[in-house]
Protein chains: 2
Amino acid sequence: MDELQAKQQEVYKLLEDALSDEQIDRFRSEFLEIHPYDQSEFFEAQSEQMRSLIYSYLSPEEMADLIEHVEEDLVGNFIVEMNPAYAAQILSELATDDAVDILNDLDKNKVASYLTIMPKESSDEIKALLHYEEKTAGSIMTTEFVVVTTDMSVKDAMRHLRKEAPEAETIYYIYVVDHDQQLVGVISLRDLIIAEGSFTIADIMSDRVVSVSVGDNQEDIAQMMRDYDFLALPVVDFQNHLLGIITVDDIMDVMEEEASDDYSKLAGVDVDSVDHNPIIAAKKRLPWLIILLFLGLFTASIIARFEETLNQVALLAIFIPLIAGMAGNTGTQALAVAVRGIATGEFQKQGILKILIREATTGLITGLTCGIAIWIIIYVWQGVFFLGFLVGLAITATLFVATISGALVPLLMHHFKVDPAVASGPFITTINDIISVIIYFGMATAFMQFLI
Amino acid sequence: MDELQAKQQEVYKLLEDALSDEQIDRFRSEFLEIHPYDQSEFFEAQSEQMRSLIYSYLSPEEMADLIEHVEEDLVGNFIVEMNPAYAAQILSELATDDAVDILNDLDKNKVASYLTIMPKESSDEIKALLHYEEKTAGSIMTTEFVVVTTDMSVKDAMRHLRKEAPEAETIYYIYVVDHDQQLVGVISLRDLIIAEGSFTIADIMSDRVVSVSVGDNQEDIAQMMRDYDFLALPVVDFQNHLLGIITVDDIMDVMEEEASDDYSKLAGVDVDSVDHNPIIAAKKRLPWLIILLFLGLFTASIIARFEETLNQVALLAIFIPLIAGMAGNTGTQALAVAVRGIATGEFQKQGILKILIREATTGLITGLTCGIAIWIIIYVWQGVFFLGFLVGLAITATLFVATISGALVPLLMHHFKVDPAVASGPFITTINDIISVIIYFGMATAFMQFLI
């Protein structure tokens, strides 16, 4: 792929020269030859001045092809810097779902003015989608799809398809509706091509059509599309009316977004885009760090209560990072397993109690293994018997409790349909820090007579 | 989707009844109506005895459709329990890439015997793919694709397509080769359908065809497919000969696998499948915990060196979890940003030095903010000026160093093309624990005169 990149850099150089020399024909002939994604990469790298030249060189249709591939966080700014009539034309040329994505991020007044300028047909379609909640089927579906009716012949259907193909988002699945616009079947283009022209659609369609409801969650839909290897899924309302379709390219974006989301939660920082400005990067990371600061102070205040114990055996302090660190990590492991189990649906099949018993047993096994190991190591290394026993016991108890808490928090939140954003990695880690310190110093205080 | 699930449970119940009554006709008529993914879900839930009934009820072609959807970790066991001739027939019916995936996980002797039993054409195709390295284009491509030549007419191409359609993995992109089998163009089925029958392929094909090389990494290919919204990508060798195609359904599995991989590394546990047995779950989690135990002992030995400092001011110990915890978390944040930046290619565009300077600045900003905050809080809360100053200074220095180390480790590993598996979350966290303890106690010892 390195060769490819070198070739691309060459083309980009040519384009930049054509732009700076304001050679519209040379620019257009080169630019329109490359893939819209490459166009968008080139476009994103240009200065505002160069971009305004590009707007004047490309038709709204041509610009729309490019805009479809621009990064989500940037596209709003570009739309706003265009003249409103041009922007409105682009928005009406885009697939409805892409237009809605962009408009959702813009100022309400701007949205209203774009919708007024564009053709009524487009603005009606967009308005219909604008009110769906984010991350539902409704918000990611498009309304440009091909439908046929059961009584059409294969030949008529092919003719209809040829006419609709240039506008449709996909023509590889054709949905079949009855006279009430209710979804009754589906045919793949593959089957349509193989079929004899004299058959009717009813003869060759599959009536076991899998559809999703307009309010369904996008993560579930992604899972479904991946399981069934679909290229598109129809979206219906509660009366089974066909409202739109979701295509696999949008689902790939959803998968990327959800994976990024889970990852961000575990790390305690939004990793969605790389910030070039350290102040912005720091702003993204500080919220969690400040919360952890206060939780850490709380931990400190707990240890302070054991000041007397500490004064008597200062050596106790040297094992604090070990115990807290292992509690934090075992909690993160349990959290990660639970979050993935919930996401893939593996956990829905089992009850919460069964999962918790399994996690508790796992915690007990890891706890006992690590606890006995540390006891032996400290005894061999330091020659002290009881300190090793204490640390080992504390580790066993800590890993047991930390494993349960790591699994319990996301499970409970999922059960009560709370957004599990709070169950992020740093939070669980710190909670388990606190638990581990209480267990460790509590035990040390109780067994003080054996330590001094 | 709950309604859908209820309906499915009903069908599964029917199927189970038909199986236990050994009613082959009733079973087949119901079973072959449902989607192969649902067939696989049903199949996976059956006992060995029931499965052997299913093998005797379904033809190898029917069984192959189902096997394609079975979970990757399970499918090998099912193949092995079938009689070898039946298994070989199934393997030859599968898409080549799927057959290769299965065979890669089996015992070498088994693989040889299956390849001997199956038709030579299939075994040749499979053997050709078996030697590609895992996670490369070659290992995920399939060889069932449709090619046409430049001089064909659109009408002839459509006729050819109709004949090939039932066998091909996708017919929605048709690749164009010259007489040397070199890839020269591509046409989408959409364009082919719209075109007039009298044109030749050369007239309507696009000659700017994007392809990947057979050794390219699967993660890069997934990124490419997502960026360009392709449904399939052609795979070529160094002489640009067309070897196979990669389809979007395989890429969705790659995306899921890579996301799961990144997530597992951050959590320090393989989250790929949910273990029902706590002993197996514990075995998966213990490796990291044992490593952390030894790293934690190392941390303990460092603090032990400051025993004198600790004996003089035992109060120092209460801030250990706070400082170590914040160092661990800030390191994980920096690690997560770096890992994602590398994965999305954002970081390749910039030099390592530039990224490090940015991370260092970010660490300095977060460090100063948290350091000053804690200084003020401890002063107000405890009324001690110098202890607050010391903790604040230690936090500032720690966050600065921990941020750099969190970013540096994955960057260096990527630069030297080392597998970044070592840069997992727990490792970075513990390294930063150690750094933070050294900084904190080092400072405390240096400034001891102000503390007592």
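Within each chain, residue numbers correspond to sequence positions counted from 1 in written order. Following the order in which they are written, the chains are lettered starting with A and the ligands numbered starting with 1. Residue-level local features of this predicted model are given only where pLDDT is at least 70; pairs of side-chain atoms are given and counted only at 80 or more, and the full residue set underlies all totals for whole chains, interfaces and linings. Neither water nor hydrogens contribute to the side-chain values; these are computed over all heavy atoms in the structure.

**Points about the overall build of chain A**
Here is step 1: Each helix corresponds to a stretch of at least 4 residues labelled H or I by DSSP, and each strand to a stretch of at least 2 residues labelled E; elements are numbered beginning at the N terminus. When its secondary structure is counted, chain A shows 23 helices and six strands.
Here is step 2: The quantity called the radius of gyration is restricted to C-alpha atoms. Its globule counterpart is 2.2 Å times the number of residues to the power 0.38. On C-alpha atoms alone, chain A measures out to a radius of gyration of 30 Å, which is more than a quarter above the 22 Å that the 2.2 N^0.38 rule sets for 452 residues.
Here is step 3: Any residue under 20% of the maximum accessible area for its type is buried, any over 50% is exposed, and the rest in between are partly exposed; the area is computed with a 1.4 Å probe on protein chains only. Expressed as a percentage of the 452 residues in chain A, the buried residues total 55%.
Here is step 4: Pairs of residues are marked as contacts when any of their non-hydrogen atoms sit within 4.5 Å. In chain A, the share of contacts with a sequence separation of at least 24, taken over all contacts with a separation of at least 6, comes to 66%.
Here is step 5: A 1.4 Å probe and the Shrake-Rupley method give the accessible areas. Residues count as covered only by the protein chains that appear here. On chain A, roughly 19700 Å² of surface is accessible, and the fraction owed to carbon and sulfur atoms is 55%.
Here is step 6: Where the 27 positive side-chain charges of chain A centre and where its 68 negative ones centre are 3 Å apart. The charge count includes Lys and Arg as positive and Asp and Glu as negative, but it does not include His or the ends of the chains. Charged side chains are reduced to one point each, which is NZ for Lys, CZ for Arg, CG for Asp and CD for Glu.

**Digging into the UniProt feature "domain: CBS" (unreviewed entry) in chain A**
Residue and element names in this part refer to chain A.
Here is step 1: UniProt positions are given in the numbering used here, feature names are shortened, and annotations may be inferred rather than shown by experiment. UniProt's feature table lists "domain: CBS" (unreviewed entry) at residues 141-204 and 205-263, given in the numbering used throughout.
Here is step 2: Helix and strand shares over residues 141-204 are 33% and 22% respectively, and the end C-alpha atoms of the span are 26 Å apart.
Here is step 3: The straight-line gap between the two end C-alpha atoms of residues 205-263 is 41 Å; of that span, 46% is helix and 22% is strand.

**Notes on the relation of the copies chain B and chain A**
Both copies of the chain are related by one operation, a rotation about an axis with a shift along it.
Here is step 1: A residue counts toward the fit only if its pLDDT is at least 70 in both copies, and the copies are then superposed by least squares on the C-alpha atoms of those residues. Expressed as a screw operation, the relation of chain B to chain A combines 0.1 Å of axial shift with a rotation of 180 degrees, fitting to an RMSD of 0.1 Å. Here the two chains are linked by the operation of a two-fold rotation axis.
Here is step 2: When the interface residues of chain B are mapped onto chain A, 99% of them are again interface residues, pointing to one common binding face.

**Side note on helix α16 (residues 248-267) of chain A**
Residue and element names in this part refer to chain A.
Here is step 1: Here a helix's expected span is defined as the number of its residues, less one, multiplied by 1.5 Å. An ideal rise of 1.5 Å per residue puts 28 Å on 20 residues; α16 measures up with 28 Å between its terminal C-alpha atoms.
Here is step 2: Among the 20 residues in α16, 16 count as buried, and that is most of the element.
Here is step 3: In the segment just after α16, glycine 268 is the residue with positive phi, at about 75 degrees.

**Looking at the sheet that holds strand β1 (residues 147-149) of chain A**
Residue and element names in this part refer to chain A.
Here is step 1: Two strands form a pair only when DSSP identifies at least two bridges running between them. Across the sheet, which stays open at both edges, the three strands sit in the order β1-β2-β3 with mixed pairing between neighbours. If you trace the sheet from one side to the other, it starts and ends with β1 and β3 (183-188), each paired once. Within the sheet, the average angular offset between the axes of one strand and its neighbour, ignoring direction, is 35 degrees.
Here is step 2: Judged from the five bridges that link them, strand β2 (residues 173-177) and β3 form a sheet pairing that is antiparallel. Bridge pairing in β3 links valine 176 to glycine 185. Only the stretch in contact is used when fitting a helix axis, every axis being a line fitted to C-alpha atoms; angles between N-to-C directions are given from 0 to 180 degrees.

**Overview of helix α19 (residues 320-343) of chain B**
Residue and element names in this part refer to chain B.
Here is step 1: For α19, spanning 24 residues, the distance from its first C-alpha to its last is 34 Å, which sits close to the expected 34 Å at 1.5 Å a residue.
Here is step 2: Burial analysis of α19 places 21 of its 24 residues in the buried class, which makes it a mostly covered element.
Here is step 3: One or two residues past the end of α19 sits glycine 345, with phi positive at roughly 80 degrees.

**Remarks on the UniProt feature "transmembrane region" (unreviewed entry) in chain A**
Residue and element names in this part refer to chain A.
Here is step 1: Taking the UniProt record as the reference, the feature "transmembrane region" (unreviewed entry) is found at residues 286-306, 312-339, 360-381 and 387-413.
Here is step 2: In residues 312-339, the share of helix is 75% and the share of strand is 0%. The end C-alpha atoms are 43 Å apart.
Here is step 3: When the span residues 360-381 is considered, its composition is 100% helix and 0% strand, and the gap between its end C-alpha atoms is 31 Å.

**Focus on the domain arrangement of chain A**
It is common to give the size of an interface as the accessible area lost on bringing the parts into contact.
Here is step 1: For each domain, the first and last residues come from an automatic or database assignment. The domains assigned to chain A are domain 1 (2-131), domain 2 (147-256) and domain 3 (278-451).
Here is step 2: Once you take the C-alpha centre of each, domain 1 of chain A and domain 3 of chain A turn out to be 50 Å apart.

**Topic: the packing of aromatic side chains**
Here is step 1: Pairing of aromatic rings covers Phe, Tyr and Trp, the last counted by its six-membered ring, and requires centre-to-centre distances within 6.5 Å; plane angles under 30 degrees mean stacked, over 60 mean edge-to-face, and any other angle means tilted. A complete count under the given rule lists 37 aromatic pairs over all chains for this structure.
Here is step 2: Where phenylalanine 386 of chain A meets phenylalanine 447 of chain A, the ring centres are 6.0 Å apart and the plane angle is 75 degrees; that geometry is what we call edge-to-face. Placement of the pair is phenylalanine 386 of chain A in helix α21 (residues 385-415) and phenylalanine 447 of chain A in the loop between α22 (425-446) and α23 (448-451), with a sequence separation of 61 residues.
Here is step 3: Residue classification places phenylalanine 447 of chain A among the partly exposed positions, given a relative accessible area of 28%.
Here is step 4: Considering the side-chain rings of tyrosine 12 of chain B and phenylalanine 42 of chain B, the 5.7 Å spacing of their centres and the 50 degrees angle between planes classify their relative orientation as tilted. With tyrosine 12 of chain B in helix α1 (residues 2-20) and phenylalanine 42 of chain B in helix α3 (residues 36-44), this pair connects stretches of sequence that are 30 residues apart.
Here is step 5: Here a set of aromatic residues connected by ring pairs shows up, and it is made of Trp375, Tyr379, Phe385, Phe386, Phe389 and Phe447 of chain A.
Here is step 6: Two limits define a charge over a ring: the Lys NZ or Arg CZ must be within 6 Å of the ring centre, and within 35 degrees of the ring normal. Stacked on the ring of tyrosine 263 of chain B, the Lys or Arg arginine 340 of chain A has its end atom at 6.0 Å from the ring centre.

**Topic: a negative patch on the surface**
Here is step 1: Only residues above 30% relative accessible area that lack a salt bridge enter a patch, with like-charged residues linked at up to 9 Å and the nonpolar side chains Val, Leu, Ile, Met, Phe, Trp and Tyr linked at up to 5 Å. A side-chain nitrogen of Lys or Arg and a carboxyl oxygen of Asp or Glu constitute a salt bridge if their distance falls within 4 Å. Where like charges cluster on the molecular surface, the negative patch consists of Glu71, Glu72, Asp73, Asp101, Asp105, Glu133, Glu134, Asp270 and Asp272 of chain A.
Here is step 2: For glutamate 72 of chain A, the location among the structural elements is in helix α6 (residues 72-81).

**Section: the environment of serine 188 of chain B**
Here is step 1: Assignment of secondary structure puts serine 188 of chain B in strand β3 (residues 183-188).
Here is step 2: What makes serine 188 of chain B buried here is its relative accessible area of 15%.
Here is step 3: For the pair serine 188 of chain B and serine 206 of chain B, spaced 18 residues apart in sequence, the C-alpha to C-alpha distance is 9.1 Å.
Here is step 4: Contacts of serine 188 of chain B, omitting those with residues within four sequence positions, involve Tyr172 of chain A together with Tyr172, Tyr173 and Ile174 of chain B.

**What about the packing of helix α17 (residues 278-305) of chain B against helix α22 (residues 425-446) of chain B?**
Residue and element names in this part refer to chain B.
Here is step 1: α22 packs onto α17 with a crossing angle of 5 degrees between their chain directions and a minimal axis gap of 10 Å. Judged by the angle between their axes, α17 and α22 are roughly parallel. Of the residues in α22, those touching α17 at Trp288, Leu292, Leu295, Phe298, Thr299, Ile302 and Ile303 are Pro426, Phe427, Thr430, Ile434, Val437, Ile438 and Phe441.
Here is step 2: Each residue receives one of three labels: charged for Asp, Glu, Lys and Arg, nonpolar for Ala, Val, Leu, Ile, Met, Phe, Trp, Tyr, Cys and Pro, and polar for the others, Gly being one of them. Class assignment of the residues belonging to the contact of α17 with α22 gives a composition of 12 nonpolar, two polar and no charged. Note on angle classes: values under 35 degrees are labelled roughly parallel, values over 145 roughly antiparallel, values of 65 to 115 roughly perpendicular, and the remainder oblique.

**Things to note about the pattern of salt bridges**
Here is step 1: Evaluation of the coordinates by the stated rule reveals 26 salt bridges over all chains.
Here is step 2: Aspartate 124 of chain A is paired through a salt bridge with lysine 120 of chain A; the nearest N and O atoms lie 2.7 Å apart. Taken together, the positions of aspartate 124 of chain A and lysine 120 of chain A, both in helix α10 (residues 120-130) and four residues apart, correspond to about one turn of that helix.
Here is step 3: Residue classification places aspartate 124 of chain A among the partly exposed positions, given a relative accessible area of 34%.
Here is step 4: For lysine 120 of chain A, a relative accessible area of 61% gives the class exposed.
Here is step 5: A salt bridge links glutamate 33 of chain B to arginine 208 of chain A, with the nearest nitrogen and oxygen atoms 3.4 Å apart. Of the two residues, glutamate 33 of chain B sits in the loop between α2 (24-31) and α3 while arginine 208 of chain A sits in the loop between α14 (201-204) and β4 (212-213), which places them in two different chains.
Here is step 6: Taking the relative accessible area as the measure of exposure, glutamate 33 of chain B reaches 43% and is therefore partly exposed.
Here is step 7: The class for arginine 208 of chain A is partly exposed, based on a relative accessible area of 40%.

**Observations concerning the environment of isoleucine 193 of chain A**
Here is step 1: You can see isoleucine 193 of chain A is positioned in helix α13 (residues 189-194).
Here is step 2: According to the relative accessible area criterion, isoleucine 193 of chain A is buried, its value standing at 2%.
Here is step 3: Sequence separation between isoleucine 193 of chain A and aspartate 38 of chain A is 155 residues; the distance between their C-alpha atoms is 33 Å.
Here is step 4: Not counting chain neighbours up to four residues away, the residues in contact with isoleucine 193 of chain A comprise Met158, Leu161, Arg162, Leu189 and Ile193 of chain B.

**Quick look at the side chain of glutamine 223 of chain A**
Residues and elements named next belong to chain A.
Here is step 1: Looking at where glutamine 223 falls in the secondary structure, it is placed in helix α15 (residues 218-228).
Here is step 2: Taking relative accessible area as the criterion, glutamine 223 reaches 19% and is therefore assigned buried.
Here is step 3: The residues touching glutamine 223, leaving out its near neighbours within four places in the chain, are Ala343 and Thr344.

**What to know about the nonpolar core**
Here is step 1: One finds Met63, Leu189 and Leu192 of chain A together with Met63, Leu189 and Leu192 of chain B to be the most contacted residues of the largest nonpolar core, which totals 183 residues.
Here is step 2: With residues up to four places along the chain from it excluded, the contact list for leucine 189 of chain B reads Tyr172, Leu189 and Ile193 of chain A together with Met158, Leu161, Ile171, Tyr172 and Ile174 of chain B. Grouping buried Ala, Val, Leu, Ile, Met, Phe, Trp, Tyr and Cys residues that are joined through side-chain atoms within 4.5 Å yields what is termed a nonpolar core.

**As for the interface of chain B and chain A**
Here is step 1: Across the contact, 123 residues belong to chain B and 122 residues belong to chain A.
Here is step 2: We define buried area as the total accessible area lost by two parts upon association, computed with a 1.4 Å probe and summed across both. The contact between chain B and chain A buries some 10800 Å² in all, and 69% of this surface belongs to carbon and sulfur atoms.
Here is step 3: Summed over the shared surface of chain B and chain A, the result is 10 salt bridges.
Here is step 4: A salt bridge links glutamate 359 of chain A to arginine 285 of chain B; its shortest N-O distance comes to 3.0 Å.
Here is step 5: Pairs of N or O atoms are called polar contacts if they sit within 3.5 Å, as long as, within protein, a hydrogen donor faces a hydrogen acceptor (for residues adjacent in sequence, only side-chain-to-side-chain pairs). At the boundary of chain B and chain A, one finds 31 residue pairs in polar contact (both at pLDDT 80 or more).
Here is step 6: Residues belonging to the side of chain B that touches chain A are distributed by class as follows: 71 nonpolar, 25 polar and 27 charged.

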